[in-house]
Amino acid sequence: MPSVAQLSKTILVVGKVHAIHDDLKAFGKRHTIKYVANNSRQQMIKDVKRVANEGRVDILFFTDGSIWSSPINEEVFGPLLPHLSFVSGVGAGFDHMDVDYLERHQIYYSNTPKAVSYPTATTATMLILQTLRCASQAELGIRRGEWRGALQPTPDTRDIIVGILGMGTIGKIVCKQVQAFGMRVIYHNRSQLSIEEENGAEYVSFDQLLQYSDVIDIHCPLNVHTRKRFSDAEFARMKPGVIIVNTSRGAVIDESALIRAMESGHVARVGLDVFEKEPTVNPYFMKSDRATLLPHWGTSTKKTVIDVEREGFANIVSYLNTGIPNTPVNHPFD
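Residues numbered from 1 in each chain as written. Predicted model: local features only at pLDDT ≥ 70, side-chain atom pairs only at ≥ 80, totals over all residues. Heavy atoms only, no water.

1. Focus: the overall build of the protein chain
Part 1 of the reasoning: A count of helices and strands for the protein chain gives 13 helices and 12 strands.
Part 2 of the reasoning: Taken over the C-alpha trace, the protein chain has a radius of gyration of 22 Å; the compact-globule value for 334 residues is 20 Å, and the two agree within 12%.
Part 3 of the reasoning: Put simply, the protein chain has 334 residues, and 51% of those count as buried.
Part 4 of the reasoning: On the protein chain, roughly 16,300 Å² of surface is accessible, and the fraction owed to carbon and sulfur atoms is 52%.
Part 5 of the reasoning: Side-chain charges of the protein chain comprise 36 positive and 36 negative groups, with the mean position of each set lying 4 Å from the other. (Helix = DSSP H or I, 4+ residues; strand = E, 2+ residues; numbered from the N terminus. Rg over C-alpha atoms; globule rule 2.2 N^0.38 Å. Buried < 20%, exposed > 50% of the residue type's maximum accessible area, 1.4 Å probe, protein only. Areas by Shrake-Rupley, 256 points an atom, 1.4 Å probe, with all protein chains shown as cover. Lys, Arg positive; Asp, Glu negative; His and termini not counted. Charge placed at Lys NZ, Arg CZ, Asp CG, Glu CD.)

Here's what the structure looks like:
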């Protein structure tokens, strides 16, 4: 594929800009930069169509996760054809983007997996610790004036086996963090890692992960293979009293099945940063003091806001210089 470095492009920035104003200003000397807000899906679609009617758009750059405007699909991309050739997004997940549509039209999509890895991992580790020590239950009790109330001694971190599903960049960070608290780590991937990458963790089958884990920590993308990957059959194969932590995508878990497992006591507690029908949260979780809940907050740090923009912008620079972004999700010309 030929380099596009010397060609003037039109870049449409969707969302707020926090950290790369100077970069975009410098880019504006060679390329045309246009902006639209991303406050609602319908308004964003109208604004994209308006810009498309004004002239060609070659690159779309989403500066926020855009999951709140999902799905990002033909309604957004269609008006920009046939000139659109690259979409730069932020965040690690991409289930909100119709990557298949982009692939069919030979359009690259890139994400920013490096920028979001550490804060997502630390959020998962925090939820593991909170659920192990019944932190939400203890806090709610003390706020009600019950002091320790019905609290019982909790498991000790040094006696815990954490099972990580998805030992990618995020999972590896979680592995190191929980090991620092004395926990043992087992993991399941599509393939086993090298000894160096495992860092003392043990590779197991998916069934073994379910069978032996005291805590199951989920870090897998949402796709046709992982949607509702955890349902009644999977919960039944887990240890009684297991803890579930999820910072990946809510729909990886069948929430109705999870609630049944919690009601029976088979699942002791959950730590959830993601939900099946965001921003709606099932009332059962809202009422349960055995559920520690966050509003898809894992990557919401000041540093991450800056880092995802810079990584997304670096993908644009790479695409303009080489024809390929640094972190492509798809490979439309293979």
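Once the structure has been displayed, the description carries forward.
2. Some remarks on helix α7 (residues 169–179)
Part 1 of the reasoning: Within the span of α7, buried status applies to Ile 170, Gly 171, Ile 173, Val 174, Cys 175, Gln 177 and Val 178.
Part 2 of the reasoning: Those residues of α7 that are buried lie in contact with α5 (113–132), β6 (161–165), β7 (184–188), α8 (195–198) and β9 (215–218). (Contact = heavy atoms within 4.5 Å.)

3. Some words on the packing of α5 against α7
Part 1 of the reasoning: At a closest axis distance of 8 Å, the pairing of α5 and α7 adopts a crossing angle of 45 degrees. With respect to each other, α5 and α7 are oriented oblique. The handedness of the crossing between α5 and α7 comes out as right-handed. Where α5 approaches α7, its residues Ser 117, Tyr 118, Thr 120, Ala 121, Thr 122, Ala 124, Thr 125 and Ile 128 are matched on the opposing element by Thr 169, Ile 170, Ile 173, Val 174, Gln 177 and Val 178.
Part 2 of the reasoning: Per-class residue counts for the contact of α5 with α7 are eight nonpolar, six polar and no charged. (Axes fitted to C-alpha atoms, helices over the stretch in contact; angles between N-to-C directions. Parallel < 35°, antiparallel > 145°, perpendicular 65-115°, else oblique. Left-handed = near helix turned anticlockwise from the far one by under 90°. Nonpolar A, V, L, I, M, F, W, Y, C, P; charged D, E, K, R; others polar.)

4. Some remarks on the side chain of Arg 249
Part 1 of the reasoning: With respect to the helices and strands, Arg 249 occurs in the loop between β10 (242–246) and α11 (255–264).
Part 2 of the reasoning: Engagement of the side chain of Arg 249 in a polar contact is seen with the side chain of Asp 95, the distance being 2.6 Å. (Polar contact = N/O pair within 3.5 Å; in protein donor to acceptor, adjacent residues only side chain to side chain.)

5. Things to note about the pairing of β6
Part 1 of the reasoning: Most of β6 sits out of view: five of its five residues are buried.
Part 2 of the reasoning: Neither face of β6 is open: one carries Ile 161, Gly 163 and Leu 165, the other Val 162 and Ile 164, and all of them are buried.
Part 3 of the reasoning: Note that β6 and β7 share five bridges and pair parallel. Across the sheet, residue Ile 161 finds its bridge partner in β7, namely Arg 184.
Part 4 of the reasoning: Taken together, β6, α7 and β7 constitute a β-α-β crossover, and its handedness is right-handed.
Part 5 of the reasoning: Taken together, the four bridges between β6 and β9 define a ladder with parallel strand orientation. Counterpart to Ile 164 in the pairing with β9 is Asp 217. (Pairing = 2+ DSSP bridges. Right-handed = clockwise from strand over helix to strand, strands pointing away.)

6. Some words on the packing of α5 against helix α13 (residues 302–322)
Part 1 of the reasoning: Relative to each other, α5 and α13 sit at 160 degrees, their axes nearing to 8 Å. One way to sum up the angle between α5 and α13 is to call them roughly antiparallel. On α13, the residues that touch Pro 113, Lys 114, Ala 115, Val 116 and Pro 119 of α5 are Thr 304, Asp 307, Val 308 and Glu 311.

7. A word on the nonpolar core
Nonpolar side chains tend to gather and get buried jointly when the protein is soluble and globular.
Part 1 of the reasoning: The biggest cluster of nonpolar side chains holds 30 residues, and the ones touching the most others in it are Phe 230, Phe 235, Ile 244, Leu 258 and Val 267.
Part 2 of the reasoning: Counting residues per element, the ones that place at least two in this core are β6, α9 (206–212), β9, β10, α11 and β11 (267–272).
Part 3 of the reasoning: Considering each element in turn, this core owes the most residues, five residues, to α11.
Part 4 of the reasoning: When near neighbours in sequence (up to four residues on either side) are disregarded, Leu 258 contacts Phe 235, Ile 244, Ile 253, Val 267, Val 270, Leu 272 and Phe 285. (Core = buried A, V, L, I, M, F, W, Y, C linked by side-chain atoms within 4.5 Å.)

8. Here's the deal with the sheet that holds β11
Part 1 of the reasoning: Taken in spatial order, the seven strands line up as β8-β7-β6-β9-β10-β11-β12 in an open sheet, and their pairing is parallel. The open sheet has two free edges, formed respectively by β8 (202–203) and β12 (291–293), since each of these has just one partner strand.
Part 2 of the reasoning: Strand contacts of α11: β10 and β11, with the helix running at about 135 degrees to β11, the strand carrying the most contacts.

9. Digging into the side chain of Asn 246
Part 1 of the reasoning: Here Asn 246 shows up in strand β10.
Part 2 of the reasoning: Take Asn 246: its relative accessible area is 0%, and that puts it in the buried class.
Part 3 of the reasoning: Within the local environment of Asn 246, its side chain forms a polar contact with the side chain of Ser 248, the two groups lying 2.6 Å apart.
Part 4 of the reasoning: One polar contact links the side chain of Asn 246 to the main-chain carbonyl oxygen of Arg 249, over a distance of 3.1 Å.

10. Quick look at the packing of aromatic side chains
Part 1 of the reasoning: Per the stated rule, a full pass over the model turns up eight aromatic pairs.
Part 2 of the reasoning: Plain terms: the ring middles of Tyr 108 and Phe 333 are 5.9 Å apart, the flat faces sit at 50 degrees to each other, and that makes the pair tilted. Of this pair, Tyr 108 sits in strand β5 (residues 108–110) while Phe 333 sits in the segment after α13; the two residues are 225 residues apart in sequence, bridging distant segments of the chain.
Part 3 of the reasoning: On the accessibility criterion, Tyr 108 (5% relative accessible area) is buried.
Part 4 of the reasoning: Here a set of aromatic residues connected by ring pairs shows up, and it is made of Phe 86, Tyr 108, Tyr 319 and Phe 333.
Part 5 of the reasoning: Against the face of Phe 206 rests Arg 229, its NZ or CZ located 3.8 Å from the ring centre. (Phe/Tyr/Trp six-rings, centres within 6.5 Å; stacked < 30°, edge-to-face > 60°. Lys NZ or Arg CZ within 6 Å of the ring centre and 35° of its normal.)

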